[in-house]
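Here is what each chain is made of, one letter per residue.
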Amino acid sequence: MKTALTIAGSDSSGGAGIQADLKTFSALGVFGMSVITAITAQNTCGVTNIRELDEEIIADQIAAVYDDIPVGAVKVGMLSSAEITRVVAGALVKHGAANVVVDPVMVAKSGSRLLKVEAVEALIQFLFPIADVVTPNLHEAAEIVGFPVGNRASMERAAIAIKAMGPKYVVVKGGHLPGAACDLFYDGKEFAYLTNERIETKHTHGTGCTFSSAIAAGLAKRMPVFEAVAVAKRYITVAISHGFSLGKGVGPTHHFYELYSQAGVVGDGE
Ligand SMILES: Nc1ncnc2c1ncn2[C@@H]1O[C@H](COP(=O)(O)OP(=O)(O)O)[C@@H](O)[C@H]1O
Ligand SMILES: Cc1ncc(COP(=O)(O)OP(=O)(O)O)c(N)n1
């Protein structure tokens, strides 16, 4: 059985965070495990409270998994603070983590800050050098590189700058571009664009979490990195096209296995 671990925050409404990651792992046929960094009181309308877990229980959760179970890939999401970021990075180094996907979660779509401003430097310093893939959206890329990112030219400049911070691959997500949903993949040598038509829906809660955990699922299945990203792009496109109204605000994406099987995103044999 292939395994993947998510190290992220909990979303009580189940659309993003740990919950979206575990649903994605399951739909893609990978056994999911979780380390919770923070608990958010959250629903489709926004985040009303955040409680960070203390660093000891976070390090102990990571140790409990790695000391016992082979981990095929790990996705890192919401980290909230610089201290948590340092502890998670240190634990991943200590346990020799492989196939590390870092989604540099900073702000929820509803506007709440999920990573303190002063923690961005720790993310760059401690996590990027050990990451295989880093997946910023346009806003996150801009905050990381310090210049506006809003078109293909600036996405390419941002990808080069982020690659220089240490990860092996960078995917700048273009979900917030006008027009097509166009993501940029960069391996340090060449750019490749993964493009899909924009799906006109407001139900996009958890798209970034879902995309990065789908990449981790692909790496856990030992796919080459570009193939894992391409499968994740197909997965998120199907997930958004079947996003649904739930609650009063921005509804979640869709994670039912049958859908992906029918859409050819996962083969029956995987
Ligand atoms: N309306 C949409 N139609 C199609 N794809 C989308 C749409 N919104 C986002 N995506 C895709 O979802 C993935 C997550 O991107 P994005 O929404 O930018 O991340 P985040 O949730 O971190 O802001 C990317 O592959 C992006 O291209
Ligand atoms: C607990 C938690 N983690 C991450 C996010 C951000 O999710 P993302 O997929 O980037 O986008 P939105 O869900 O905010 O639309 C989150 N909201 N909660």
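Residues numbered from 1 in each chain as written. Chains lettered and ligands numbered in written order. Predicted model: local features only at pLDDT ≥ 70, side-chain atom pairs only at ≥ 80, totals over all residues.

The protein chain appears in an unreviewed UniProt entry as Hydroxymethylpyrimidine/phosphomethylpyrimidine kinase from Anaeroselena agilis. One UniProt comment on the protein chain, placed under Sequence similarities (unreviewed entry), says "Belongs to the ThiD family." (UniProt positions renumbered as here; feature names shortened; annotations may be inferred.)

(A) Region of the structure containing the packing of helix H7 (residues 207-220) against helix H8 (residues 225-241). Contact geometry of H7 with H8 gives a least axis separation of 8 Å together with a crossing angle of 140°. Classed by the angle they form, the pair H7 and H8 counts as oblique. In this structure, H7 meets H8 at a crossing whose hand is right-handed. On the side of H7, the interface is formed by Thr 207, Thr 210, Phe 211, Ala 214, Ile 215, Gly 218 and Leu 219, while H8 contributes Val 225, Glu 227, Ala 228, Val 229, Val 231, Ala 232, Tyr 235, Ile 236, Ala 239 and Ile 240. Taken together, the residues that form the contact of H7 with H8 break down as 13 nonpolar, 3 polar and 1 charged. (Axes fitted to C-alpha atoms, helices over the stretch in contact; angles between N-to-C directions. Helix = DSSP H or I, 4+ residues; strand = E, 2+ residues; numbered from the N terminus. Parallel < 35°, antiparallel > 145°, perpendicular 65-115°, else oblique. Left-handed = near helix turned anticlockwise from the far one by under 90°. Contact = placed C-beta atoms within 7 Å. Nonpolar A, V, L, I, M, F, W, Y, C, P; charged D, E, K, R; others polar.)

(B) Structural view of the site of ligand 2. Within the structure, ligand 2 sits among 19 residues, and Gly 9, Ala 16, Gly 17, Lys 109 and Gly 208 are positioned closest to it. At the level of elements, strand S1 (3-11), strand S2 (31-43) and H7 are the ones that each hand at least two residues to the shell around ligand 2. The leading source of residues in the shell around ligand 2 is S1, at 4 residues. When grouped by side-chain class, the residues that make up the shell around ligand 2 number 7 nonpolar, 10 polar and 2 charged. (Near = placed C-beta within 6 Å.)

(C) Focus on the site of ligand 1. Contacts to ligand 1 come from 18 residues, most closely from Asn 137, Gly 175, Ala 181, Ile 199 and Gly 208. Of all elements in the fold, only strand S8 (181-186), H7 and H8 reach the threshold of two or more residues within the shell around ligand 1. Examining the composition of the shell around ligand 1, we find that 4 residues originate from one element, H8, more than from any other. Class assignment of the residues belonging to the shell around ligand 1 gives a composition of 5 nonpolar, 9 polar and 4 charged.

(D) Inspection of the UniProt feature "domain: Pyridoxamine kinase/Phosphomethylpyrimidine kinase" (unreviewed entry) in the protein chain at higher detail. Here, UniProt's "domain: Pyridoxamine kinase/Phosphomethylpyrimidine kinase" (unreviewed entry) annotation points to residues 11-254. Strand forms 19% of residues 11-254 and helix 39%; the C-alpha atoms that close the span are 16 Å apart.

(E) Here's a closer look at the pairing of S8. Buried residues dominate S8, accounting for 5 of its 6 residues. Sheet analysis places strand S7 (residues 169-172) next to S8, joined by 3 bridges and oriented antiparallel. Bridging from a neighbouring strand, Val 170 pairs with Tyr 186 of S8. Strand direction decides the pairing type here: S8 and strand S9 (residues 191-196), joined by 6 bridges, are antiparallel. What sits directly across from Asp 183, in S9, is Leu 194. Hairpin remark: S8 followed by S9, antiparallel, with 4 residues in the connecting loop; positive phi at Gly 188, about 100°. (Buried ≥ 20, exposed ≤ 12 C-beta atoms within 10 Å, placed from the backbone. Pairing = 2+ DSSP bridges.)

(F) View of the sheet that holds strand S6 (residues 133-134). Taken in spatial order, the 9 strands of this open sheet run S3-S2-S1-S4-S5-S6-S7-S8-S9, and their pairing is mixed. A strand with exactly one partner marks an edge of an open sheet, and here the two such strands are strand S3 (46-52) and S9. Two elements, strand S4 (residues 73-76) and strand S5 (residues 100-102), share 3 bridges in a ladder whose sense is parallel. Following the sheet pairing, Val 74 is matched in S5 by Val 100. Across the sheet, helix H2 (residues 55-66) is in contact with S1 and S2; its angle to S2 comes to roughly 160°.

(G) Highlighting the confidence of the model for the protein chain. In the predicted model, the protein chain carries a mean pLDDT of 96, and the fraction of residues at 70 or more is 99%. Interface confidence for the predicted complex, given as ipTM, is 0.98, next to a pTM of 0.97. (pLDDT = per-residue confidence, 0-100.)

(H) Geometry of unusual backbone geometry. The residue Ser 80 is not glycine, and still its phi comes out positive at about 70°. As for its position among the elements, Ser 80 is in the loop between S4 and helix H3 (82-94). We note that Arg 222 has phi near 65°; this positive angle belongs to a residue other than glycine. Take Arg 222: it is sitting in the loop between H7 and H8. Overall, the presence of 12 C-beta atoms within 10 Å leaves Arg 222 in the exposed class.

(I) Main features of the nonpolar core. If you look at the biggest cluster of nonpolar residues, it comprises 83 residues, and the most contacted ones within it are Val 74, Val 88, Ile 215 and Tyr 235. A total of 9 residues in this core trace back to one element, the largest contributor, which is H8. The contact partners of Val 88, leaving out residues within four places of it in the chain, are Ile 7, Ile 58, Val 76 and Leu 79. (Core = buried A, V, L, I, M, F, W, Y, C linked by C-beta atoms within 7 Å.)

(J) Representation of helix H1 (residues 17-27). Most of H1 sits out of view: 10 of its 11 residues are buried. All of the buried residues in H1 are Gly 17, Ile 18, Gln 19, Ala 20, Asp 21, Leu 22, Lys 23, Thr 24, Phe 25 and Ala 27. Elements that come into contact with the buried residues of H1 comprise S1, S2, S4, H7 and helix H9 (257-262). Gly 29 sits one or two positions beyond H1 and adopts a positive phi of about 80°.

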